[in-house]
Amino acid sequence: MTIGHLLVITPGIRAYREYLLRSMSRDFRVHLVLAQPPTWERAYIAGHTVVADLADVDGLVRVARAVDAERALDGVICWDETWIEQTAHVAAALGLPGGDPRCVERCRDKHRTRAALDAGGVPQPRSVLVSGREEALAVAADIGYPVVVKPRALAGSFGVVRADTPAGLAEAVAFADASGEWAPDLPTHERNILVEEFARGPEISVDSVIHRGTVTPVCLARKEVGFEPYFEETGHVVDPDDPLWSDPTLADVVVRTHAALGFGDGVTHTEIRLTPTGPKVIEVNARIGGGMIPLLNLMGGGPDLALAAADVACGRPPGLRTADAARRVAAIRFYYPPEDDCVIADVRFEKPGLPEQVVRCGPLAAAGEVKSPPPRGLMDGRVAYAIALGADADTCRAALDKAGHALRVDVA
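Everything numeric in this text was worked out from a predicted model, so none of it was measured.

Thresholds, definitions, all that
- Residues numbered from 1 in each chain as written.
- Predicted model: local features only at pLDDT ≥ 70, side-chain atom pairs only at ≥ 80, totals over all residues.
- Heavy atoms only, no water.
- Helix = DSSP H or I, 4+ residues; strand = E, 2+ residues; numbered from the N terminus.
- Buried < 20%, exposed > 50% of the residue type's maximum accessible area, 1.4 Å probe, protein only.
- Polar contact = N/O pair within 3.5 Å; in protein donor to acceptor, adjacent residues only side chain to side chain.
- Contact = heavy atoms within 4.5 Å.
- Phe/Tyr/Trp six-rings, centres within 6.5 Å; stacked < 30°, edge-to-face > 60°.
- Lys NZ or Arg CZ within 6 Å of the ring centre and 35° of its normal.

1. A word on the side chain of Glu203
So, step 1. Relative to the assigned elements, Glu203 resides in strand β9 (residues 203-211).
So, step 2. Residue Glu203 is classed as buried on the basis of its relative accessible area, which comes to 9%.
So, step 3. Here the side chain of Glu203 touches Arg273 through a polar contact of 3.4 Å, side chain to side chain.
So, step 4. Apart from the residues lying within four places of it in its own chain, the contact partners of Glu203 are Ala221, Arg222, Lys223, Glu271, Ile272, Arg273 and Ile282.

This is the structure in structure tokens:
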């Protein structure tokens with residue numbers, strides 16, 4: 001097979017995303033567009049372009065055309081939520097797969113997602129767009145507590161909070177309104193808050209590749225959430241042989257979700273609650289999932305989502321290649337500082353305290369950084385992670401508990 005030429009827009013944080021570039025560089029010639037000169041990325045790329053403003057669509061298109069003129073591009077991909085709309089515009093300008101900005105915007109804008117899923121009859125929590133506290137109180141009273149309050153167009157659980165009472169709802173609306181300051185590059189709206197029915201039940205995510213309208217789920221993860229009433233993702237468990245793979249209702253919901261959104265080519269990360277009345281879609285992200293979920297899938301013996309995503313970005317059917325290793329359950333746990341505003345001096349795991357099931361671990365904070373647990377440190381409050389492989393989820397969770405005891409966080 002002829003090696004593909006792939007334009008990657010922004011590499012992301014090394015700890016979370018290096019594995020994607022590593023996989024893609026084996027089968028694709030990668031040209032990276034980024035805001036700073038590359039460092040660790042150089043090992044995986046054939047070329048790069050530094051741009052001053054990733055939000056400048058016209059500038060990104062000019063860069064893409066210049067790269068394409070030197071060697072024809074086969075695809076363009078981005079896994080950073082902040083820049084996926086700009087990436088869709090670049091793909092559209094070059095006539096490449098995934099070039100449907102309206103579809104990506106339907107995923108980025110949670111209100112538009114809800115409207116599209118509602119029109120397609122896809123099961124989801126009831127959701128109402130509101131403009132302020134008084135309207136939110138009226139909607140919550142109609143839906144019934146508890147409710148979930150979330151910003152319309154943020155990502156990574158930023159600003160998402162459960163409210164159990166009217167007083168809690170007022171605080172939640174203020175929290176969601178203020179959360180836009182954490183992601184100034186993402187779009188904002190005058191009517192910016194969603195009040196939604198609280199969907200009870202465990203939450204999962206399904207990463208899928210879509211080629212010419214055919215949806216192929218690749219990775220399924222069971223999400224672990226903490227720091228109530230917030231929805232901080234504290235870990236994930238991936239079992240390549242999870243019984244949910246054979247659930248026809250879940251499979252049907254995933255397929256109908258993409259049809260309702262008009263998603264033709266690309267990769268998605270769909271979050272779903274398994275409620276007592278069946279699966280309900282929480283949101284759909286038009287990118288590869290975060291939290292190292294696809295890496296867990298690969299380490300456990302499942303298909304390589306990075307290569308499958310690159311295939312469909314280049315207009316090819318996804319090659320669902322698997323590792324040679326035996327299929328095992330893989331799990332990740334994220335760890336947090338003991339209190340707000342910790343100035344990190346050092347983060348390390350004491351190796352004698354790590355069980356054999358922990359196959360990878362490391363810091364997510366550097367000396368001098370200030371870290372806080374949620375809610376102040378939603379997502380960016382993590383200081384370390386550990387990954388375990390085992391015969392079942394309980395074995396992995398027990399190993400990650402022990403890894404937490406072996407973690408040392410020194411603060412100034």
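What follows continues from the structure just given.
2. Examining the environment of Leu34
So, step 1. Its place among the elements puts Leu34 in strand β2 (residues 28-34).
So, step 2. The class of Leu34 is buried, set by a relative accessible area of 4%.
So, step 3. Remark: the alpha-carbon pair of Leu34 and Asp247, spanning 213 residues in sequence, is separated by 41 Å.
So, step 4. Aside from chain neighbours lying at most four places away, what touches Leu34 is Pro11, Glu41, His48, Thr49, Val50 and Val51.

3. Notes on the packing of aromatic side chains
So, step 1. Enumeration according to the criterion identifies 4 aromatic pairs in this entry.
So, step 2. Taking 6.2 Å as the distance between ring centres and 45° as the angle between the ring planes, the aromatic pair formed by Tyr16 and Phe334 counts as tilted. Residue Tyr16 is found in helix α1 (residues 14-27), and its partner Phe334 is found in strand β14 (residues 329-335); the two are separated by 318 residues along the sequence. Side by side, Tyr16 and Phe334 carry an identical accessibility label, which is buried.
So, step 3. When the ring of Phe175 is compared with that of Tyr230, the centres are 5.1 Å apart and the planes differ by 55°; the resulting orientation is tilted. Placement of the pair is Phe175 in helix α7 (residues 166-178) and Tyr230 in the loop between β10 (214-226) and β11 (232-238), with a sequence separation of 55 residues.
So, step 4. You can call Phe175 buried: its relative accessible area is 18%.
So, step 5. Residue classification places Tyr230 among the buried positions, given a relative accessible area of 18%.
So, step 6. Sitting above the plane of the Phe334 ring, Arg382 keeps its charged end 3.6 Å from the centroid.

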